[in-house]
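Letter by letter, the chains look like this.
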Amino acid sequence: VRLFKEKNIELITNVFAEDATAFVVNKNVPLDEIDVPTLAKIMSGEISNWKSVTGEDRPINIYGRQSSSGTHSFVQKKLKIKYSKHAKEMNGNAQIMEGIKVDQSGIGYVGAGYLLKKASQIPSVKPLKIAPERGQTAVSPLDEKAIQNKKYFFQRPLFQFIPKQSWEKVKPLIDFEKSPVGKKIISSSGYYNIE
């Protein structure tokens, strides 16, 4: 955006969808929700055993994306941490889900849209509800209404930056994105429509 300003190119910013990141564990982990401060301690390696979280004495295995991934940096920034040096860096959602599926000590993160599409195929993995702080209401990454109301901690808008001089040329695409067909494409691509 800075470069456009330097070149005196005026941009119109359009938010066309919301993306959400889900934290998942093996279905045998006796945990359905977690607060952000505890999650930050897990992902940073400060908490390395499930005992203080679930009562089960077993080491925590972290599954995440490669450092070049936008989701990797998004999660790290939201949690205000550096990842544990023991975190496994995976190529994508499918690898993380496969790891969690067989690892009863694992925790990882995937795109919520991916999880929506694949959850029935991988019943051994479950998403955690996330509470911003201990004692606050935990929200599921699969709750579309909560996402639309910006209530889920790990969500982010998806932007399109359009040069103002090109707006009239691009407007048919923007209108299409808001149509029932466009909204269906957005949701089938793993993202949440905005009202």
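Residues numbered from 1 in each chain as written. Predicted model: local features only at pLDDT ≥ 70, side-chain atom pairs only at ≥ 80, totals over all residues. Heavy atoms only, no water.

**Some details on the overall build of the protein chain**
And step 1. When helices and strands are counted, the protein chain shows nine helices and eight strands.
And step 2. Projected onto its principal axes, the C-alpha coordinates of the protein chain cover approximately 60 × 35 × 35 Å.
And step 3. Expressed as a percentage of its 195 residues, the buried residues of the protein chain come to 46%.
And step 4. Once local pairs closer than 6 in sequence are excluded, the contacts in the protein chain between residues at least 24 apart make up 71%.
And step 5. Here the protein chain has roughly 11000 Å² of accessible surface; of this, 51% comes from carbon and sulfur atoms.
And step 6. Averaging the locations of the 30 positively and 20 negatively charged side chains of the protein chain gives two centres separated by 3 Å. (Helix = DSSP H or I, 4+ residues; strand = E, 2+ residues; numbered from the N terminus. Buried < 20%, exposed > 50% of the residue type's maximum accessible area, 1.4 Å probe, protein only. Contact = heavy atoms within 4.5 Å. Areas by Shrake-Rupley, 256 points an atom, 1.4 Å probe, with all protein chains shown as cover. Lys, Arg positive; Asp, Glu negative; His and termini not counted. Charge placed at Lys NZ, Arg CZ, Asp CG, Glu CD.)

**Brief notes about the environment of Ser105**
And step 1. Note on placement: Ser105 falls in the loop between helix 5 (93-102) and strand 5 (106-111).
And step 2. As a C-alpha pair, Ser105 and Asp57 span 48 residues in sequence and 9.8 Å in three-dimensional space.
And step 3. The contact partners of Ser105, leaving out residues within four places of it in the chain, are Trp50, Arg58, Pro59, Ile60 and Asn61.

**So, the packing of helix 8 (residues 167-178) against helix 9 (residues 180-188)**
And step 1. Axis separation between helix 8 and helix 9 bottoms out at 4 Å; the angle between their running directions is 75 degrees. The pairing of helix 8 with helix 9 is recorded here as roughly perpendicular in orientation. Only Pro180, Val181, Gly182, Lys183, Ile185 and Ile186 of helix 9 make contact with helix 8, whose side of the interface consists of Phe176, Glu177 and Lys178.
And step 2. Residues belonging to the contact of helix 8 with helix 9 are distributed by class as follows: five nonpolar, one polar and three charged. (Axes fitted to C-alpha atoms, helices over the stretch in contact; angles between N-to-C directions. Parallel < 35°, antiparallel > 145°, perpendicular 65-115°, else oblique. Nonpolar A, V, L, I, M, F, W, Y, C, P; charged D, E, K, R; others polar.)

**Describing helix 4 (residues 70-79)**
And step 1. Within the span of helix 4, buried status applies to Thr71, His72, Phe74, Val75, Gln76 and Leu79.
And step 2. At the N-terminal end of helix 4, a side-chain oxygen is found 3.1 Å from the backbone nitrogen of Thr71, two or three residues along, and the residue is Ser69.
And step 3. Of the residues one or two after helix 4, Lys80 is the one with positive phi, at around 55 degrees. (Polar contact = N/O pair within 3.5 Å; in protein donor to acceptor, adjacent residues only side chain to side chain.)

**Some remarks on the environment of Ser84**
And step 1. Its location among the elements puts Ser84 in the loop between helix 4 and strand 4 (88-90).
And step 2. Owing to a relative accessible area of 11%, Ser84 belongs among the buried residues under this scheme.
And step 3. When the C-alpha atoms of Ser84 and Gly45 are compared, they prove to be 4.6 Å apart, with 39 residues separating the residues in sequence.
And step 4. Apart from residues lying up to four places away in sequence, Ser84 is in contact with Met43, Ser44, Gly45 and Ile62.

**Some remarks on the pairing of strand 3 (residues 61-65)**
And step 1. Of all five residues that make up strand 3, four are buried, and the element is covered over most of its length.
And step 2. Bridge count for strand 3 against strand 5 is three bridges, and the pairing is parallel. Across the sheet, the residue bridging to Ile62 is Ile107, located in strand 5.
And step 3. Sheet analysis places strand 3 next to strand 4, joined by three bridges and oriented parallel. Within the sheet, the bridge partner assigned to Arg65 lies in strand 4 and is Met90. (Pairing = 2+ DSSP bridges.)

**Let's talk about helix 8**
For an α-helix, 3.6 residues make a turn, and residues three or four places apart therefore share a direction.
And step 1. When the terminal C-alpha atoms of helix 8 are compared, their 16 Å separation across 12 residues agrees well with the 16 Å that a helix rising 1.5 Å per residue should span.
And step 2. The complete set of buried residues in helix 8 reads Trp167, Ile174 and Glu177. In an axial view of helix 8, the angular spread of the buried residues amounts to 65 degrees, which keeps them on one side of the axis. When the buried face of helix 8 is taken as reference, the exposed residues oriented beyond 90 degrees from it are Glu168, Lys169 and Pro172. (Expected span 1.5 Å × (residues − 1). Arc of directions from axis to C-beta.)

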